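One-letter residues, chain by chain:
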Amino acid sequence: MITPILLCGGSGTRLWPLSRKSYPKQFVPLVGDRTLFQASAARLSGEGFAPPVVLTNSDFRFIVTEQLAGAGIDPGAVLIEPQGRNTAPAVLAAALWLEKSDPEGLMLVAPSDHVVPDAPAFRAAVAAGVPAARAGQLVTFGIKPTHAETGYGYLELSEDPGDFAARPLALKRFVEKPDAARAEDMVQAGSYLWNAGIFLFAVKTILAAFRAHAPELIAPVQAALERGRPDLGFFRLDPEAWAGAGDISIDYAVMERAANLSVVPFAAGWSDLGGWDAVWRETGPDAAGVVTTGAATAIDCENTLLRSEDASLEVVGIGLKNIIAVAMPDAVLVADVSRAQDVKQAVAALKAKQAKQAESFPKDHRPWGWFETLVLGDRFQVKRIHVHPGAALSLQSHHHRSEHWIVVEGTARVTVDDEVKLISENQSVYIPLGAVHRMENPGKVPMVLIEVQTGTYLGEDDIIRYEDVYARG
């Protein structure tokens, strides 16, 4: 059996404003109806695959389980990283985790934000790498380049890839992200592949590689596992021990130093959606090179992406050429296609001016559902709150605000101090300042309510929690 290791802790700043630190691109349906994370999990499931081990952070843990459930996949384990330490500590943690149950088994490490249209072809490529992995090779997967991409690292082959059929080949070296001229030369040479960051190896093989090439990582990561603790079906790595692990990628820590490397070419289509230009390509431009998504209209445009993420927000482009325009309720990106890789500069500039749009998503996702602010004033705020079936918010109170709840869909079970009652559509309840209260959705359909807050301070940190089924602080 092959155990997939899904890495999903990144922030995807080059796909701002749709991808942000609070809700990054892997959890968003960028191409098609499924999210990238769901598509990745589905691609690495079925015959020959064990349930996946997922590495993520605390903020995303409930999103991970919710989206896996939506895809009909049960995880083998969800390991929570206290902080991002890059891919080497994450891969090592997964290998040490599996060593306890399947030391002879294979593990397939994959980012959770890639697009692979032909899933059967990818699984066939994985199968082609299995004999080499069982023989003690560290197998990586390289993508046949379709253009001179400067946003990817490359793999230089030691032998002619021929027709790029999926089979293990010898790797000569890793190549850093090139400039445009160097990228063009490598594509023309025909002996270079894009580095997909996907790896297949036996648990015992990668552990031996860490001991040989990055032994300084083993003690802190091992301690993080040994001192970690189960938490509501997740496993939290110990923060203090984890902080002692170096912040380094698996490429730098192990792969570029190892001699037992093989590469399996893959030529059936792939993208890491590393920028809006990649989204434009993968979505399928029309004859004029135009892609429109959502409430978007293009008139006499060429090589242009127009995307609206709000049905009530119409985006119209007239006479545009080589333009990306992405509209969210709280932010709009307009950029030349050639500057797609520079969108992360916009995020840095917004962070510098302390704009909340740099990292925060309009919808604030929580374990029980989500909420969004509709109107915000000096002393009042109006929110829409969506609660999943069977979910419940924490039992809580506030120092600085009172609240008025109006149910608009479904039924809410409401606790206010010692009183518990059901509130149906078009009914409301008042929560006085300081009252201990909770809302729950006892039904089988989502419950939606409008919350009106009034008070001197309306921040999300004005919460005293008494009970919480999600074990938040």
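Scoring rules and cut-offs
- Residues numbered from 1 in each chain as written.
- Predicted model: local features only at pLDDT ≥ 70, side-chain atom pairs only at ≥ 80, totals over all residues.
- Heavy atoms only, no water.
- Pairing = 2+ DSSP bridges.
- Helix = DSSP H or I, 4+ residues; strand = E, 2+ residues; numbered from the N terminus.
- UniProt positions renumbered as here; feature names shortened; annotations may be inferred.
- Axes fitted to C-alpha atoms, helices over the stretch in contact; angles between N-to-C directions.
- Buried < 20%, exposed > 50% of the residue type's maximum accessible area, 1.4 Å probe, protein only.
- Contact = heavy atoms within 4.5 Å.
- Domains from an automatic or database assignment.
- Parallel < 35°, antiparallel > 145°, perpendicular 65-115°, else oblique.
- Left-handed = near helix turned anticlockwise from the far one by under 90°.
- Nonpolar A, V, L, I, M, F, W, Y, C, P; charged D, E, K, R; others polar.
- Phe/Tyr/Trp six-rings, centres within 6.5 Å; stacked < 30°, edge-to-face > 60°.
- Lys NZ or Arg CZ within 6 Å of the ring centre and 35° of its normal.

1. Concerning the pairing of strand β7 (residues 169–175)
Move 1: Taken together, the four bridges between strand β6 (residues 154–157) and β7 define a ladder with antiparallel strand orientation. Among the inter-strand pairings, Tyr154 is bridged to a residue of β7, identified as Val175.
Move 2: Direction of pairing for β7 relative to strand β11 (residues 261–266): antiparallel, over a ladder of two bridges. What sits directly across from Ala170, in β11, is Ser262.

2. Quick word on the UniProt feature "domain: Nucleotidyl transferase" (unreviewed entry) in the chain
Move 1: When the UniProt feature table is mapped onto this chain numbering, "domain: Nucleotidyl transferase" (unreviewed entry) sits at residues 4–282.
Move 2: What you have in residues 4–282 is 33% helix and 22% strand, and the ends, taken at the C-alpha atoms, are 24 Å apart.

3. A short note on the sheet that holds strand β22 (residues 401–409)
Move 1: The strand order across the open sheet formed by six strands is β18-β19-β20-β27-β22-β25, and the pairing between neighbours is antiparallel. The open sheet terminates on both sides in strands that have one partner only, identified here as β18 (363–366) and β25 (428–431). Mean inter-strand twist for the sheet, computed between neighbouring axes without regard to direction, equals 20 degrees.
Move 2: In terms of strand pairing, strand β20 (residues 380–387) meets strand β27 (residues 447–455) through eight bridges, oriented antiparallel. Residue pairing in the sheet places Lys383 in a bridge with Glu451 of β27.

4. Comments concerning helix α2 (residues 61–70)
Move 1: Three or more residues of α2 are buried, namely Arg61, Phe62, Ile63, Val64, Gln67 and Leu68.
Move 2: In this structure, the buried residues of α2 make contact with α1 (36–43), β2 (53–57), β3 (77–81), β10 (234–236) and β18.

5. Quick look at unusual backbone geometry
Move 1: The omega torsion of the bond from Trp16 to Pro17 falls at 10 degrees, within 30 degrees of zero and hence cis.
Move 2: Mapped onto the elements, Pro17 comes out in the loop between β1 (2–7) and α1.
Move 3: Positioned with a positive phi, Asp300 is a non-glycine residue whose angle comes to about 55 degrees.
Move 4: With respect to the helices and strands, Asp300 occurs in the loop between β13 (296–299) and β14 (304–308).

6. What to know about the domain arrangement of the chain
Move 1: Each domain of the chain was delimited in the assignment, giving domain 1 (2–266), domain 2 (283–340) and domain 3 (363–467).
Move 2: On a C-alpha basis, the centroid separation for the pair domain 1 and domain 3 is 39 Å.

7. Here's the deal with the packing of helix α3 (residues 87–99) against helix α6 (residues 203–213)
Move 1: Interaxial distance between α3 and α6 falls to 9 Å at its minimum, and their mutual angle equals 130 degrees. What the angle tells us is that α3 and α6 run oblique. Both α3 and α6 take part in a crossing whose hand is left-handed. Where α3 approaches α6, its residues Ala88, Val91, Leu92, Ala95, Leu96, Leu98 and Glu99 are matched on the opposing element by Val203, Ile206, Leu207, Phe210 and Arg211.
Move 2: Partitioned by chemical class, the residues of the contact of α3 with α6 number ten nonpolar, no polar and two charged.

8. Re the environment of Ile450
Move 1: For Ile450, the position within the fold is in strand β27.
Move 2: Not counting residues within four places of it along the chain, the set of residues in contact with Ile450 comprises Leu374, Val382, Lys383, Arg384, His404, Trp405, Ile406 and Val408.

9. A short note on the packing of aromatic side chains
Move 1: Overall, the coordinates contain twelve aromatic pairs when judged by the stated rule.
Move 2: Taking the centre distance of 4.8 Å and the plane angle of 70 degrees together, the rings of Tyr152 and Trp194 count as edge-to-face. Of this pair, Tyr152 sits in the loop between β5 (138–143) and β6 while Trp194 sits in strand β8 (residues 192–202), placing them 42 residues apart in sequence.
Move 3: Look at Trp194 and Trp270: their rings are 6.2 Å apart centre to centre, the planes differ by 50 degrees, and that puts the pair in the tilted class. Placement of the pair is Trp194 in strand β8 and Trp270 in the loop between β11 and α10 (276–283), with a sequence separation of 76 residues.
Move 4: Trp194 sits in the buried class, given a relative accessible area of 2%.
Move 5: When the ring centre of Trp97 is taken as origin, the NZ or CZ atom of Lys100, which lies over that ring, is 4.1 Å away.

10. Description of the UniProt feature "domain: MannoseP isomerase/GMP-like beta-helix" (unreviewed entry) in the chain
Move 1: Summarizing the sequence annotation, UniProt attributes the feature "domain: MannoseP isomerase/GMP-like beta-helix" (unreviewed entry) to residues 297–350 in the numbering used throughout.
Move 2: Secondary structure over residues 297–350 splits into 15% helix and 41% strand, and the C-alpha atoms at its two ends are 28 Å apart.

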